[in-house]
Amino acid sequence: MLGSAGSAQAAVDITALVAKPIAPTASCSTTTTAATQSQAGAHEDFCVALGMNGGGDGFGGGDDLKDLKLSLPGGQVGNATATPLCTVSRFRSVNGCASSSQVGQVTAGVESVIPLNENLIGGGIYNLEPRGTEAARLGLVLEFADLLAVTHIEVEIRLRPTDGGLDSLAFDNPRTVIGLPIEVKRLNLRLWGSKTGRGMAKSFMANPTDCSKPATTTVSITSYQGGSATRTAGYTPTGCDAVPFEPGMILEGDRTSDAPGVISTGVSMPANDEPLVQKHIATSVNVLPEGVELSPTSGSQPGFVGCTEAEFGYGSGAPATCAAGSKIGTVRFRTPLLSKAIEGDIFLAQPTASSPKIRLFVEGELGPEPDATRLKFIGVVRPDPDSGQLRTTFENLPPAPFTEFRLTFRGGPTAIMSLPRSCGTFAGQAINTPYGSTAQDRRNGTLTVDQGCADPDPFTPSLGVSTSTTQAASGTALTTTLARPDGHARLTGAKISLPAGLQGNLTVVPPCSVADGRAGSCGPASRVGAVVAIAGPGSSPATLRGDVYFTEPPTPGGLAGLSIVVPATFGPLDLGKIVVNAEVATRADTGLDITVTDIPQRAEGIATQVRSMDLVLDKPGFFVTPSSCDAKTATGTLFSDLGQAAAVSAGFQATGCENLPFSPKLATTIDGGATGAEAALNGHPGLNVTVTQAPGEANNATVDVTLPTGMAPDSDRLGRTCALKQYEAGTCPDSAKVGRVVAYTPLLPEPLQGGVTFVTVPGSPLPELRADLRGKINLTLNGKIKFGPDGRMVNSFVGIPDVPLSRFDFTLEGGARGLVIATKDLCSVSSLPFDGAFTSHAGGAAKTTAQPRLDGCAPQGTLKVGSLRSGRPTLDLRVVGGRTRVRSAQLVVPKGLAFAPASVVRKRLQVSTTGLKKGAKARVTVTGQSIRVTVPSGQSATVLRVRVRAGGLRASTRLRKQGRPRLTFRLNTTTADAKAQRRSLRVRPAAP
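Residues numbered from 1 in each chain as written. Predicted model: local features only at pLDDT ≥ 70, side-chain atom pairs only at ≥ 80, totals over all residues. Heavy atoms only, no water.

> I tried to follow the confidence of the model for the protein on my own but got confused; where do I start?
Low pLDDT marks stretches whose predicted atomic positions should not be read closely. Looking at the protein, pLDDT values average 91 and 97% of them are 70 or higher. Scored below 50 in pLDDT, residues 1-9 shows 31 contacts in the model against residues more than four places distant or in partner chains. (pLDDT = per-residue confidence, 0-100. Contact = heavy atoms within 4.5 Å.)

Structure, rendered in structure tokens:
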């Protein structure tokens with residue numbers, strides 16, 4: 001209304017509002033007394049009648065209606081396809097829209113400067129072509145019969161993004177008609193329901209299908225001067241039990257088994273909505289067939305990221321700003337509310353700390369414009385933890401009719417889904433719950449897979465073994481590859497036997513605990529390498545990278561373990577850790593067996609579909625190559641989830657063996673016992689043989705040690721053996737246990753050690769020695785006893801594993817358990833050569849000779865006595881330490897002989913030594929019955945000689961008269977190893 005200056009103004013207000021279904025014969029006004037027609041889902045006329053006060057006071061002042069917003073309740077909807085669409089240009093023309101486009105009636109109460117007959121103001125409501133991205137458009141025709149004038153009002157229809165309800169917006173409503181100022185006081189809109197008698201192709205309006213709450217209409221008005229008012233009215237539908245609910249499941253897709261592919265799924269509703277529309281779906285649960293799974297190949301899509309909640313803008317009508325890399329499919333939503341489908345994209349949501357792991361952000365729109373009609377949904381995907389079957393739930397769907405809600409997930413090499421592994425017809429299920437009810441409707445859908453069929457899946461996996469260097473006896477990185485072809489049964493485990501000589505070094509890193517290894521929480525100090533896993537079907541599988549850790553052995557008494565930890569991250573989805581545990585054990589040839597058990601088939605329900613694993617053990621020094629350049633083979637068995645087992649192998653060969661040094665060192669010790677008696681003739685000396693090697697040498701393959709002449713097997717003791725079966729059963733008698741062995745290797749933190757057993761082996765002419773090395777690894781060396789061409793005894797060890805041994809100590813006991821007998825007095829022999837002959841795994845040979853250390857042999861003494869009858873005898877003592885150097889020697893003379901006073905003796909004494917430092921002199925102590933010679937502290941001599949001239953020693957008369965009696969002297973010696981020995985020297989004086 002046009003106002004004039006100084007006029008009083010009243011507040012803009014809505015004075016009355018009616019919004020409810022009515023019978024076709026009932027009037028639509030704010031004063032209507034017609035009973036409410038409230039059958040849920042029925043096609044009933046919907047009346048919206050409102051009274052307004054534009055703030056006018058006559059026509060001398062006030063304000064006029066400018067904008068009107070009519071928000072229908074969710075579910076109170078109109079079918080935009082009920083009639084042909086009328087163009088806007090025709091609507092505005094003189095002829096106007098055809099009656100076939102009419103969907104309702106409008107009447108108005110209008111005041112003006114001249115009286116107007118309200119009954120003569122009104123016209124039709126027409127279904128117009130929407131503009132741009134509008135949901136729909138209605139045209140209201142107000143014919144002023146009194147004035148012979150017509151006013152056209154266009155109403156823009158939009159879908160609310162919150163509940164899918166309809167908002168009708170009429171902007172810039174007229175203030176004049178043919179120049180006359182007007183004020184609209186009443187507006188009555190009747191939107192037709194049933195098509196019966198109306199000339200519509202389909203029924204137009206339909207009531208909501210939720211009887212659990214009121215259906216509320218909200219009307220808002222705004223004046224030209226900025227005033228506003230809002231009012232609500234409503235009703236509650238009834239009779240929901242009579243409303244049909246017959247949703248169907250959409251399920252289509254590619255048809256190739258065990259491959260990435262397109263999956264299209266969703267809900268359909270019958271198009272026939274007579275006499276009642278279908279109930280509106282509140283919650284839709286889509287259960288895909290078992291075997292249709294989220295595919296790891298999605299992780300290989302470049303730029304695969306998640307869409308954040310802020311980027312998606314749920315509840316907002318603004319377009320989502322999700323990154324292109326988060327798009328995983330498309331959506332199509334067909335509703336009779338719109339003349340065309342709402343289409344858009346499916347985005348994978350970026351998980352948050354409080355959100356479900358996998359969510360779908362779904363946005364459909366009529367166009368990219370900011371004000372375009374737009375719907376947004378959120379779906380939660382929950383894979384079954386055991387089967388991987390996908391269950392997607394959409395809650396709070398808009399209470400609007402639709403015939404199709406279809407989600408199509410992209411296919412191609414980086415498809416989101418993979419198809420079942422076998423061919424057949426697979427059933428899915430749609431579980432839908434309508435508004436106002438808890439009853440679920442379950443409908444099945446089927447997916448046919450009939451290409452690329454194989455039953456059962458083949459399983460021809462492969463094994464690869466390679467090193468960063470092939471140089472023999474060198475530190476190396478070891479790569480072991482387990483792989484299966486695409487489309488084959490899936491890997492669940494493996495047992496791999498690495499070639500003998502390809503060894504791991506357990507001293508390089510500290511082991512992680514078994515518990516931490518199983519939990520995938522080992523620290524960086526235990527890391528020994530990396531793992532690269534290829535996962536998913538098709539031509540673009542995902543690549544996952546992780547770490548390998550060294551652990552304590554999973555089984556008590558085992559060698560070691562590995563914890564293989566792969567972060568299961570596919571784009572924005574973090575599914576935790578895939579942890580694969582492996583046990584490392586040794587074989588009899590000291591080759592390593594790696595057993596991988598229980599490769600996880602799922603991570604939080606999503607199939608891992610591992611196609612290959614590269615274990616790259618690249619910690620410096622953790623692995624060493626063999627010192628043999630013979631062609632070798634790694635063998636193994638790989639296992640599938642279908643119970644299949646496949647033998648696999650891979651070749652390996654080191655190089656450069658001809659350049660390896662090989663010069664083992666030999667050291668030996670003969671143990672003559674505490675008194676040296678066992679080194680005497682017919683004694684049973686103990687024997688120790690030590691072989692040492694420097695780092696980087698080729699490893700020993702055979703060792704022959706030839707004993708010196710004077711040492712031979714004691715035939716009387718060759719029968720103290722253990723039968724082979726007893727040995728294998730661990731029941732040998734103690735008498736057969738004849739020695740001990742200790743081996744040191746740089747690969748282990750502690751030496752290996754154990755006993756030596758004398759064993760009778762069928763077919764062997766002589767018993768054999770079994771040296772049992774026990775520790776982190778258990779190893780038995782077989783030693784044979786044989787004789788060389790010169791008749792000397794040979795201990796021969798063959799078949800020594802290709803393992804670096806820095807030191808090897810082999811000891812045979814002496815004494816009561818001794819196998820070796822002395823065929824001469826070993827302590828008196830000047831040379832006892834041990835000959836060593838060695839061959840290496842690299843093909844080299846070496847020989848060496850070692851003189852033994854003699855333990856327990858007393859120094860040898862020779863004594864000469866002269867001029868006894870004169871009463872002034874002479875004495876010449878020579879003490880030879882030989883292999884045991886001498887610290888001191890004391891000669892005790894027999895009864896009848898006595899030394900002169902020390903001052904006299906020293907004048908007649910001559911002492912000489914061999915082996916002392918230059919200038920060093922021995923100390924002499926003389927008593928009546930003895931003379932002692934002691935070398936300086938910290939030194940020892942190889943020879944001590946003491947000569948006493950006439951006058952230094954005196955003989956009794958009685959002794960002189962005996963002529964040349966046999967005299968017994970006692971020689972006491974102390975050797976460099978602090979051992980004290982005593983022996984007797986029987987001497988007959990020289991003839992005068």
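Still more ground to cover, so stick around.
> Would you mind showing me how to read the pattern of salt bridges here?
A side chain of one charge can pair with a side chain of the opposite charge when the charged atoms of the two come close. Scanning the entire structure with this criterion turns up 46 salt bridges. Between Arg137 and Glu134 there is a salt bridge, with the nearest N and O atoms lying 2.4 Å from each other. The same class applies to Arg137 and to Glu134, which are both buried. A salt bridge links Asp876 to Arg945; the nearest nitrogen and oxygen atoms lie 2.8 Å apart. Here Asp876, found in strand β61 (residues 874-880), pairs with Arg945, found in strand β67 (residues 943-948); they are 69 residues apart in sequence, far enough to count as distant. Owing to a relative accessible area of 16%, Asp876 belongs among the buried residues under this scheme. Taken together, the salt bridges that share partners define one network made up of Arg92, Arg131, Glu134, Arg137 and Glu154. (Salt bridge = Lys/Arg side-chain N within 4 Å of Asp/Glu carboxyl O. Buried < 20%, exposed > 50% of the residue type's maximum accessible area, 1.4 Å probe, protein only. Helix = DSSP H or I, 4+ residues; strand = E, 2+ residues; numbered from the N terminus.)

> Hey, could you run me through unusual backbone geometry in this one?
The phi angle of most residues is negative, glycine excepted, and most peptide bonds adopt the trans form. Along the chain, Glu274 connects to Pro275 via a cis peptide bond; the corresponding omega equals -5°. Residue position: Pro275 is located in the loop between β17 (263-268) and β18 (281-287). Located in the positive-phi region is Leu148, a residue other than glycine, with phi close to 55°. Looking at the secondary structure, you find Leu148 in the loop between β7 (136-144) and β8 (149-159). A positive phi angle is found at Ala978, which is not glycine, with a value near 70°. Tracing the chain through its elements places Ala978 in the loop between β69 (967-975) and β70 (980-987).

> Just to check I follow, could you spell out the side chain of Thr706 for this structure?
Tracing the backbone shows Thr706 in strand β47 (residues 700-706). Classification of Thr706 by relative accessible area gives buried; the value is 15%. The residues contacting Thr706, other than those within four sequence positions of it, are Arg792, Met793, Val794, Pro833, Phe834 and Asp835.

> Hey, could you run me through the state of the cysteines in this one?
The term disulfide refers to a covalent linkage connecting the sulfur atoms of a pair of cysteines. Under the definition given, this model contains eight disulfides. A sulfur-sulfur separation of 2.0 Å characterises the disulfide bridge that pairs Cys28 with Cys47. Negative torsions about the S-S bond denote left-handed disulfides, and the value of about 85° found for Cys28 with Cys47 makes this one right-handed. One end of the pair, Cys28, is in the loop between β1 (13-22) and β2 (45-53); the other, Cys47, is in strand β2, with 19 residues separating them in the sequence. No difference in accessibility class separates Cys28 from Cys47, as the two residues are buried. With a sulfur-sulfur separation of 1.9 Å, Cys307 is cross-linked through a disulfide to Cys322. A torsion of -50° about the S-S bond marks the disulfide between Cys307 and Cys322 as left-handed. Of this pair, Cys307 sits in the loop between β19 (293-294) and α2 (309-312) while Cys322 sits in the loop between α2 and β20 (327-334), and the two are 15 residues apart along the sequence. (Disulfide = S-S within 2.5 Å.)

> Is there a simple way to explain the sheet that holds strand β30 (residues 475-476) in this structure?
Where strands meet in a sheet, backbone hydrogen bonds hold them as pairs that are either parallel or antiparallel. Taken in spatial order, the three strands make up an open sheet running β30-β42-β33, and their pairing is antiparallel. With one partner strand each, in any of the chains shown, β30 and β33 (503-504) form the two edges of the open sheet. With two bridges connecting them, β30 and strand β42 (residues 623-624) associate as antiparallel partners. Paired with Gly475 across the two strands is Val624, which belongs to β42. (Pairing = 2+ DSSP bridges.)

> What exactly am I supposed to notice about the environment of Phe652 here?
Within the element layout of this structure, Phe652 appears in strand β44 (residues 645-652). A relative accessible area of 7% places Phe652 in the buried class. The spacing of Phe652 and Gly464 is 188 residues in sequence and 9.3 Å in space, taken between C-alpha atoms. Those residues in contact with Phe652 that sit more than four places away from it in its chain are Thr467, Pro499, Leu502, Pro626, Asp630, Ala631 and Lys632.

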